[in-house]
Amino acid sequence: MAGSSHGHTPAAWTGVTISFIGFCVAGVFMVANSPVGFWAGSALIALGAIAGGAMKRAGFGTPKEPQDVVEARERAAARERATA
């Protein structure tokens, strides 16, 4: 996993941060026995997922690999399997 940039994008950070705040809000209001606050925190969790997805579609996520890179990786793996 160290060789990838999984999760190291503005879209990922934004989505996780908003969702984390939502979990914190929902947890506090659950302990405080306030259903309205709990559901507001739950809505923030969903908003985090929506915001992260929207930012990814806007180009702030991990870029897709070019097709030639994917094909080269597949050829190298096939060669390695053939020699093993």
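Rules used in this analysis
Residues numbered from 1 in each chain as written. Predicted model: local features only at pLDDT ≥ 70, side-chain atom pairs only at ≥ 80, totals over all residues. Heavy atoms only, no water. Axes fitted to C-alpha atoms, helices over the stretch in contact; angles between N-to-C directions. Helix = DSSP H or I, 4+ residues; strand = E, 2+ residues; numbered from the N terminus. Parallel < 35°, antiparallel > 145°, perpendicular 65-115°, else oblique. Nonpolar A, V, L, I, M, F, W, Y, C, P; charged D, E, K, R; others polar. Buried < 20%, exposed > 50% of the residue type's maximum accessible area, 1.4 Å probe, protein only.

Engineer: With reference to specific residues and values, describe the packing of helix H1 (residues 10-31) against helix H2 (residues 35-60).
Structural biologist: Running from N to C, H1 and H2 point in directions that differ by 175°, and their axes come no closer than 7 Å. In terms of their interaxial angle, H1 and H2 are classed as roughly antiparallel. Its residues placed into classes, the contact of H1 with H2 shows 17 nonpolar, nine polar and one charged.

Engineer: Can you tell me about the environment of glycine 53, naming the residues and giving the values?
Structural biologist: Considering the arrangement of structural elements, one finds glycine 53 in helix H2. Relative accessible area serves as the criterion here: at 21%, glycine 53 is assigned to the partly exposed category. Each C-alpha atom, one on glycine 53 and one on methionine 30, is 27 Å from the other, the two residues being 23 residues apart in sequence.

Note that every value here comes from positions in space, so none of it alone points to a role or purpose.
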